[in-house]
Amino acid sequence: MATFRLRDMRNSIGRVLEASRFCVGQIVVQKSEGCFVLSHRDDETLNHLQIFRSAEDAIEIAKYDDAGNYRPLKTAPNLHHGWRLELDTLEALMRALDYFYPGRLAVLAAWKNGKLQTTSLRETLDRQSGMYRVAAKISDSQIDNLVADFCRSNGGCLRTILWKRDAEGAVSSTKLPKEKFDPSFDQASAQPGSSTFAKAPADRPAPATVPLLCQEACNLLIAECRKMVKGE
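Okay, so let's go over this structure.

1. Things to note about the environment of R159
Alright, step 1. With respect to the secondary-structure elements, R159 resides in the loop between α6 (140-150) and β6 (160-161).
Alright, step 2. Remark: the alpha-carbon pair of R159 and Q187, spanning 28 residues in sequence, is separated by 7.3 Å.
Alright, step 3. Look past the residues within four positions of R159 in its chain and what remains in contact with it is L73, T75, R104, K180, Q187, L212, L213 and C214.

2. Some remarks on the side chain of D43
Alright, step 1. Tracing the backbone through its elements, the reader meets D43 in the loop between β3 (35-40) and β4 (50-52).
Alright, step 2. For the buried D43, which has no salt bridge, the nearest side chain bearing the opposite charge is R84, at an N-O separation of 11 Å.
Alright, step 3. Beyond its immediate chain neighbours, meaning those up to four positions away, D43 contacts L49, H81, G82 and W83.

3. Quick word on unusual backbone geometry
Alright, step 1. Backbone geometry places E33, a non-glycine residue, at a positive phi of 50°.
Alright, step 2. Examined against the element boundaries, E33 turns out to sit in the loop between β2 (27-32) and β3.
Alright, step 3. E33 gets classed as exposed once you look at its relative accessible area, which sits at 83%.

4. Examining the pattern of salt bridges
Alright, step 1. This structure, assessed with the given rule, holds 13 salt bridges.
Alright, step 2. A salt bridge links E56 to R95, with the nearest nitrogen and oxygen atoms 3.2 Å apart. Of this pair, E56 sits in the loop between β4 and α2 (57-61) while R95 sits in helix α3 (residues 90-100), placing them 39 residues apart in sequence.
Alright, step 3. Ionic pairing is found between E60 and K63, a salt bridge with its closest N-O pair at 2.9 Å.
Alright, step 4. By relative accessible area, E60 is classed as partly exposed at 47%.
Alright, step 5. Here the salt bridges share partners, and the residues they tie into one network are R122, D140, R165 and D166.

5. A few points about the nonpolar core
Alright, step 1. Ranked by internal contacts, the top residues of the largest apolar core, which has 36 residues, are L17, I27, L38, W83, L85, L93 and F100.
Alright, step 2. Among the elements of the structure, α1 (6-17), β1 (21-24), β2, β3, α2, β5 (83-87), α3 and α4 (104-112) are those that each provide at least two residues to this core.
Alright, step 3. Broken down by element, this core gets its largest block of residues, 7 residues, from α3.
Alright, step 4. With residues up to four places along the chain from it excluded, the contact list for L93 reads L17, F22, V29, F36, L38 and L87.
Alright, step 5. The next biggest cluster of nonpolar side chains, apart from the first, holds 20 residues, and it includes I143, V147, A217 and V229.

6. Notes on empty space enclosed by the protein
Alright, step 1. Overall, the coordinates contain 3 cavities of 30 Å³ or more when judged by the stated rule.
Alright, step 2. Of the pockets and cavities examined, the largest cavity occupies roughly 100 Å³.
Alright, step 3. The wall of the largest cavity is formed by 13 residues, among which C151, C157, R159, C214 and C218 lie closest to the centre.
Alright, step 4. Grouping the constituent residues of the lining of the largest cavity by class yields 10 nonpolar, 1 polar and 2 charged.
Alright, step 5. Approximately 70 Å³ is the volume found for the second largest cavity.

Rules behind the numbers
- Residues numbered from 1 in each chain as written.
- Predicted model: local features only at pLDDT ≥ 70, side-chain atom pairs only at ≥ 80, totals over all residues.
- Heavy atoms only, no water.
- Helix = DSSP H or I, 4+ residues; strand = E, 2+ residues; numbered from the N terminus.
- Contact = heavy atoms within 4.5 Å.
- Buried < 20%, exposed > 50% of the residue type's maximum accessible area, 1.4 Å probe, protein only.
- Lys, Arg positive; Asp, Glu negative; His and termini not counted.
- Salt bridge = Lys/Arg side-chain N within 4 Å of Asp/Glu carboxyl O.
- Core = buried A, V, L, I, M, F, W, Y, C linked by side-chain atoms within 4.5 Å.
- 1 Å grid on protein atoms, 1.4 Å probe; cavity = no way out; pocket = protein on both sides within 12 Å on 5 of 7 lines; lining within 4 Å.
- Points joined across faces, edges and corners; volume = space filled by probe spheres on them.
- Nonpolar A, V, L, I, M, F, W, Y, C, P; charged D, E, K, R; others polar.

Following this line, the structure appears as structure tokens:
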């Protein structure tokens with residue numbers, strides 16, 4: 001994904017990010033008087049929010065949840081509340097969103113251009129070394145349960161899963177709803193989207209959703225696979 005530079009991403013998805021109102025994960029973005037205003041979706045109508053004006057402020061905003069606990073998984077649905085981020089340029093918006101959800105804009109740009117490559121969980125596990133090599137011994141039934149729990153949108157992760165369980169194309173978990181694999185579905189609100197890059201219909205005021213796509217299992221899921229195998 002590193003091959004997609006800021007200019008490449010702007011050319012690929014810039015028009016999407018210039019919409020008057022849209023959501024990315026738990027964030028709502030609104031264009032107001034020439035600037036981009038970001039806030040937690042739950043706080044959209046609140047007035048007394050802490051104001052920030054630098055894209056780099058997103059690093060600290062995304063670091064801890066409401067209870068002050070560190071957030072190792074930035075796409076977990078536990079982004080803290082009470083802030084408002086005002087940015088002047090599209091470049092600043094893209095940097096901020098990349099701090100909130102690292103790598104997701106690059107993945108989206110690659111997907112939109114038909115260049116995104118996914119990696120099955122078994123392939124990811126087979127390439128592990130050292131203390132994580134044992135994770136490859138996890139059974140299919142264990143994967144079914146673990147992925148359903150760890151990757152679920154409600155309390156787990158807001159990414160839309162694109163990867164398969166193995167080279168044969170088996171679904172990552174049969175216990176997840178089909179919407180978990182649908183980029184047009186809004187994982188954060190559990191509501192169908194319009195289309196991924198379209199404006200919301202007039203009869204449904206919710207903004208269009210920019211998906212957080214998952215092309216391969218993250219390091220945290222691999223670590224959980226290891227724990228499950230060692231636990232057995």
